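What follows is each chain in one-letter form.
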Amino acid sequence: MKFCPKCGTILMPERREGKLILKCPRCSYEVEVRGDIKKDYMIEERADLASRVKTTSIVSEGGAIQRSKEEIEQEKEEFYEVFLELMSSEEGGEEGSSE
C-alpha cells in the first residue's frame, strides 16, 4: 500500500492505456507502477473444486404435527386463562402503584 507524498492519502490503482497507475483521489498525484511492486496490485482469485460448498434445501410436507379439534380448543382455553390472569395482575399493579 502506497501513500501520496503530497497529502498522505492512500493511492488508488487505476488502469490507463495498458499501464497500472497509482492515483491520489484527493490531489490527483500520479505515479506509474513498475517492476516487483506491480504484482502487489494484481487481483487474483483461485478456487479449487474441493473448496466449493454446495447447499441444498429439503422441503417436506410430511411430518407436521396433527392435533385434534379438542386439543386445539383446550390450548385456546389455557391460553385465554393465562392471558386473563396476566391482564388482571397488570391492572392491579398499575392501580396499586398510582396510589
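Just so we're clear, the structure is a prediction, and the values are computed from it rather than from any experiment.

Some points on the pattern of salt bridges
Piece 1. Enumeration over the complete set of coordinates arrives at three salt bridges.
Piece 2. Where E14 meets R16, a salt bridge forms, and the shortest distance between an N and an O atom there is 2.7 Å.
Piece 3. For R16, a relative accessible area of 30% gives the class partly exposed.
Piece 4. With a shortest N-O distance of 2.8 Å, E30 and R16 are connected by a salt bridge. Here the residue E30 occupies a position in strand 3 (residues 30-32), and R16 occupies one in strand 1 (residues 12-16), the gap between them amounting to 14 residues.
Piece 5. Given the relative accessible area of 35%, E30 is considered partly exposed.

With respect to unusual backbone geometry
Piece 1. Within the chain, E17 stands out as a residue other than glycine whose phi angle is a positive 55 degrees.
Piece 2. Structurally, the position occupied by E17 is in the loop between strand 1 and strand 2 (19-23).

Considering the sheet that holds strand 2
Piece 1. Spatial ordering of the open sheet is given by 1-2-3, a layout of three strands whose pairing is antiparallel. Strand pairing shows two members of the sheet lacking a second neighbour, strand 1 and strand 3, which therefore form its edges. Strand after strand, the sheet turns through a mean of 35 degrees between neighbouring axes, direction not considered.
Piece 2. One ladder, built from five bridges, connects strand 1 with strand 2; its direction is antiparallel. Residue pairing across strands places R16 opposite K19, the latter belonging to strand 2.

What about the pairing of strand 2?
Piece 1. Between strand 1 and strand 2, which follow one another and run antiparallel, lie two residues, and E17 among them has a positive phi close to 55 degrees.
Piece 2. In the sheet, strand 2 pairs with strand 3 via three bridges, with the strands oriented antiparallel. Considered in strand 3, the bridge of L22 is made with V31.
Piece 3. Here strand 2 folds back onto strand 3 in antiparallel fashion, the turn holding six residues, of which S28 has a positive phi close to 70 degrees.

A word on the nonpolar core
Piece 1. In terms of nonpolar packing, the biggest core is built from six residues, these being C4, L11, L20, L22, C24 and V33.
Piece 2. Setting aside anything within four residues of it in sequence, one finds C4 in contact with T9, L11, C24, C27 and Y29.

Digging into the environment of L20
Piece 1. The topology assignment puts L20 in strand 2.
Piece 2. For the pair L20 and R34, spaced 14 residues apart in the sequence, the C-alpha separation amounts to 8.1 Å.

Rules used throughout
Residues numbered from 1 in each chain as written. Predicted model: local features only at pLDDT ≥ 70, side-chain atom pairs only at ≥ 80, totals over all residues. Heavy atoms only, no water. Salt bridge = Lys/Arg side-chain N within 4 Å of Asp/Glu carboxyl O. Buried < 20%, exposed > 50% of the residue type's maximum accessible area, 1.4 Å probe, protein only. Helix = DSSP H or I, 4+ residues; strand = E, 2+ residues; numbered from the N terminus. Pairing = 2+ DSSP bridges. Axes fitted to C-alpha atoms, helices over the stretch in contact; angles between N-to-C directions. Core = buried A, V, L, I, M, F, W, Y, C linked by side-chain atoms within 4.5 Å. Contact = heavy atoms within 4.5 Å.

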